[in-house]
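# Overview (structure and organization)
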Amino acid sequence: MPLSRVLSDPLLQAICDVSGIPKEGSVPSRTVVEGVLALSERFTRGGNGTPSAYLEDTQLRAAYLQYYFPVNLAKVQTLLDEVGRDLISTDRDRETFRVLDIGSGPGTGVMAVVDWFSRRQPSSLHCVAVDRSKTALALCEQLWQGLVPRLSGINARLVTEPVDLERVQGMRVLPLTWQDQPFDLIIMANCLSELFVRDAAATERRVGLVKQLLDLLDRCGTFILVEPASRFAARALHFVRDRVLKEGRWTVYSPCLHEQPCPALVKEQDWCHEERPWQPPTIVNLVDREVGFIKDALKFSYLILRKDGKTLVPREPGLYRIVSELRVMKGEKRAWLCHEGGRPEVGRLDRERSAANAAVDDWHRGAIVRIDEIVRGRRRGREATVGRIPSSASVDMVRSI
């Protein structure tokens, strides 16, 4: 398993300064605890993605910054780690790396990016944060001013744009000044499923917006979409994925290993989400202790698109992504897998364990594995619903999360 995601000290200190915590590790106030509980109810009630102006409320704003904001930052940085070296193409013909954060809130995307880059190489960044809330954008500027001076080896500029993506049509969604140069990275974090929720053509409008944004992406650029791990938000993302990929102009960098229709949409009850390890900062642990939550893992759904055909791992037959936990059952281990042929459930009986297929023991959600043989027997005249890995099969861990 990879090392857990850890937020940097400068980033945590900037959050503490703006949210009103005297220092990282201070016990959260009663109003913050109550605010976290109230936000949890808002975020989970009905799961319909309806947006709310919680950042306009002083109590809820502090609760969000101290608890949910660090979690969302860590999710974005986890995906930046995943793209890694492919994020900056050697084919780029300009020095400044341009970032667009759509539905930025208090700057989830741009704050995650500038901190991430500062820990890797000297960089020149031009970041644009877009949100309908002027309060959110003011918070973004405060957090930026609290973070960037604490970072070394980076030249970064921030521009904020108040834009309501639901109230504009066509390319006028996006200021014409953005057309001057393409963006190297576009981020939509916890935004897509909140858009057009009362519109009967919600999927079509989301698809239209994503296509417009992809047109602003550099030929070697990256588009990261992050959504909650809920069934509603994840399936909304899956529907957009399928519609966008129909044109054949873009490829999935990750998590998918193909551009075929999403197998999670075949059954109404299915959806795909991730669970990644992280080390919660003290401010999150202290809130957890007060409210009884456990934020010991980052849970989200996501999609990373590219124009240049690059993918997380090379496309090849026999590759599968693990899309469930490894279930240890009596006499066997099972997991749900995903590849271009569908979403099969596959298991290995304990008596079939061998040196060649021992990697099954290390399967976990999000891992990419290679399997050269899956056997499906017949039961009552029908093909068995569970595929079996025999002792003769070779199983390799291609990429852990």
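Just so you know, these numbers come straight off a predicted model, no measurement behind them.

## Remarks on the overall build of the protein chain
Counting secondary structure elements, the protein chain contains eight helices and 17 strands. Over its C-alpha atoms the protein chain spans a radius of gyration of 22 Å, differing by no more than 12% from the 21 Å that the globule rule assigns to 401 residues. Burial status across the protein chain gives 54% buried among its 401 residues. Look at the contacts in the protein chain between residues 6 or more apart in sequence, and 77% of them connect residues 24 or more apart. When the accessible surface of the protein chain is split by element, carbon and sulfur atoms take 48% of a total near 18,000 Å².

## Quick word on the environment of Ala112
In this structure, Ala112 sits in helix 4 (residues 108-118). Taking the C-alpha atoms as reference, Ala112 lies 51 Å from Arg378; in sequence the two are 266 residues apart.

## Some thoughts on the pattern of salt bridges
Going through the model one piece at a time under the given rule, you end up with 30 salt bridges. Between Glu259 and Arg315 there is a salt bridge, with the nearest N and O atoms lying 2.4 Å from each other. Pair noted here: Glu259 is in the loop between strand 6 (251-254) and strand 7 (274-277) and Arg315 is in the loop between strand 8 (297-306) and strand 9 (319-322), with a separation of 56 residues, a long-range link. Glu274 serves as the salt-bridge partner of Arg276, at 3.1 Å between the closest nitrogen and oxygen. According to the relative accessible area criterion, Arg276 is buried, its value standing at 4%. With a relative accessible area of 3%, Glu274 lands in the buried category. What emerges from the salt-bridge pattern is a single network uniting Arg327, Glu332, Arg334, Glu345 and Arg388.

## Here we look at the pairing of strand 3 (residues 154-162)
Bridge count for strand 2 (residues 123-131) against strand 3 is nine bridges, and the pairing is parallel. Bridge pairing links Asp131 to Pro162 in strand 3. Of the crossover connections in this fold, the one passing from strand 2 over helix 5 (residues 134-147) to the parallel strand 3 is right-handed.

## Some remarks on the confidence of the model for the protein chain
Here the protein chain averages 89 in pLDDT, and 91% of its residues register 70 or above. Here residues 46-50 scores under 50 on pLDDT; set against residues more than four positions off or in separate chains, the count is ten contacts.

Reading the values: the criteria
- Residues numbered from 1 in each chain as written.
- Predicted model: local features only at pLDDT ≥ 70, side-chain atom pairs only at ≥ 80, totals over all residues.
- Heavy atoms only, no water.
- Helix = DSSP H or I, 4+ residues; strand = E, 2+ residues; numbered from the N terminus.
- Rg over C-alpha atoms; globule rule 2.2 N^0.38 Å.
- Buried < 20%, exposed > 50% of the residue type's maximum accessible area, 1.4 Å probe, protein only.
- Contact = heavy atoms within 4.5 Å.
- Areas by Shrake-Rupley, 256 points an atom, 1.4 Å probe, with all protein chains shown as cover.
- Salt bridge = Lys/Arg side-chain N within 4 Å of Asp/Glu carboxyl O.
- Pairing = 2+ DSSP bridges.
- Right-handed = clockwise from strand over helix to strand, strands pointing away.
- pLDDT = per-residue confidence, 0-100.

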